[in-house]
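Overview (structure and organization)
Take a look at the letters that make up each chain.
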Amino acid sequence: MSARIDHTTTSGTFSLDGETHEVDNNVWVVGDDHECVVIDAPHDVDRILAVVGDRRVKAILCTHAHDDHVRVAPKLRHETQAPIFLHPHDHPVWELTHPTELWDVDLADGQIIEVAGTRLRALHTPGHAPGAVCFHAEELGCVFTGDTLFNGGPGATGRSFSDHDTIVESIRTKLFTLPEDTVVHTGHGDDTTVGAEKAALG
Ligand SMILES: [Zn+2]
């Protein structure tokens, strides 16, 4: 049984710095018929559980702690008994949404998460958020970038806890060094590839 990628989107809001925006978020589920990991837990736990089905959730992997990516992470943990993984540099962002709860496992650069016979490698890519992480699935030929890299370029860096030069450095050193045909599954919007974004950013 080989690993596959399932996907849904949820709709809701993103709030930071006193502003609230309507957003659609991607949720990525990597696994087989027996087990899976969930990448990001925005807005709506029922929609996520519909994709999971009766599979065991091994981990809830957070690309970063903006509220539109982690809002239902504790609820999903409660429903599935799966641990929440987050890079500790996003603690100040996490506590804006979940002041009385913590995640379970600190993510570190290079960390390997195994699921359904395949591996995800965590890439610490600060910039959009200090604890932003991408997950490279080499055997599946793809990378899950959260809000670090979109179809159309780097993620936003205009708000608190973010930095433009840092995100560009992260993208150049951690993402543009992956094979050019690597499919980029983003936190919002359409897929792209490493090669296409490399050509666009120059
Ligand atoms: Zn974000």
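On a predicted model such as this, the values are computed, not experimentally measured, just so you know. (Residues numbered from 1 in each chain as written. Predicted model: local features only at pLDDT ≥ 70, side-chain atom pairs only at ≥ 80, totals over all residues. Heavy atoms only, no water.)

1. Focus on the sheet that holds strand β13 (residues 183–186)
Rule in force here: We treat two strands as partners when DSSP finds at least two bridges between them. Helix numbers and strand numbers start at the N terminus; a helix is a DSSP run of H or I with at least 4 residues, a strand a run of E with at least 2.
One open sheet accounts for six strands, arranged β7-β8-β9-β10-β13-β14; its pairing is mixed. Strand pairing shows two members of the sheet lacking a second neighbour, β7 (112–115) and β14 (192–193), which therefore form its edges. In terms of strand pairing, strand β9 (residues 133–137) meets strand β10 (residues 142–146) through three bridges, oriented antiparallel. Looking at the pairing, histidine 136 lines up with valine 143 of β10.

2. Quick word on the coordination of the zinc ion
Put simply, the rule reads: Water is not part of the atom set, so a site may look incomplete; the donors themselves are N, O and S atoms within 2.8 Å of the metal, or 3.2 Å for Na, K and Ca. Accessible area is worked out with a 1.4 Å probe on protein chains only. A residue is then buried under 20% of its type maximum, exposed over 50%, and partly exposed in between.
With distances of 2.1 to 2.3 Å, the protein atoms coordinating the zinc ion are His64 (NE2), His66 (ND1), His128 (NE2) and Asp147 (OD). Sequence spacing among the residues donating to the zinc ion works out to H-x1-H-x61-H-x18-D. Placement of histidine 128 in the loop between β8 (118–124) and β9 and of aspartate 147 in the loop between β10 and β11 (149–150) is noted, with a sequence separation of 19 residues between them. One exposure class covers both histidine 128 and aspartate 147, and it is buried.

3. Re the sheet that holds strand β3 (residues 35–39)
Just so we agree on the cut-off: Every residue pair with non-hydrogen atoms within 4.5 Å of one another is taken to be in contact. What counts as an axis is a line fitted to C-alpha atoms, over the stretch in contact for a helix, and the angles between N-to-C directions run from 0 to 180 degrees.
With respect to topology, six strands assemble into an open sheet ordered β1-β2-β3-β4-β5-β6, the strand pairing being mixed. A single partner strand is all that each edge strand has here, and the edge strands are β1 (4–16) and β6 (105–106). Pairing analysis gives two bridges linking strand β4 (residues 56–61) to strand β5 (residues 84–86), with the strands arranged parallel. Across the sheet, residue leucine 61 finds its bridge partner in β5, namely phenylalanine 85. Along the sheet, helix α1 (residues 45–52) makes contact with β1, β2 (19–31), β3 and β4, crossing β1 at roughly 175°. Contacts from helix α3 (residues 73–80) reach β3, β4 and β5, with the element oriented near 160° to β4.

4. Some details on the pattern of salt bridges
Our working rule: For salt bridges, the criterion is a side-chain nitrogen of Lys or Arg within 4 Å of an Asp or Glu carboxyl oxygen.
Per the stated rule, a full pass over the model turns up ten salt bridges. Across the pair arginine 71 and aspartate 67 runs a salt bridge, and its minimum N-O distance is 2.8 Å. Residue glutamate 139 pairs with arginine 119 through a salt bridge whose shortest N-O separation is 3.3 Å. A residue pair is termed long-range when its members are at least 10 positions apart, and glutamate 139 in the loop between β9 and β10 and arginine 119 in strand β8 qualify at 20 residues. Of the residues examined, arginine 119 reaches a relative accessible area of 40% and is grouped as partly exposed. Connected through salt bridges with shared partners, the residues Arg4, Asp6, Asp33 and Arg55 form a single ionic network.

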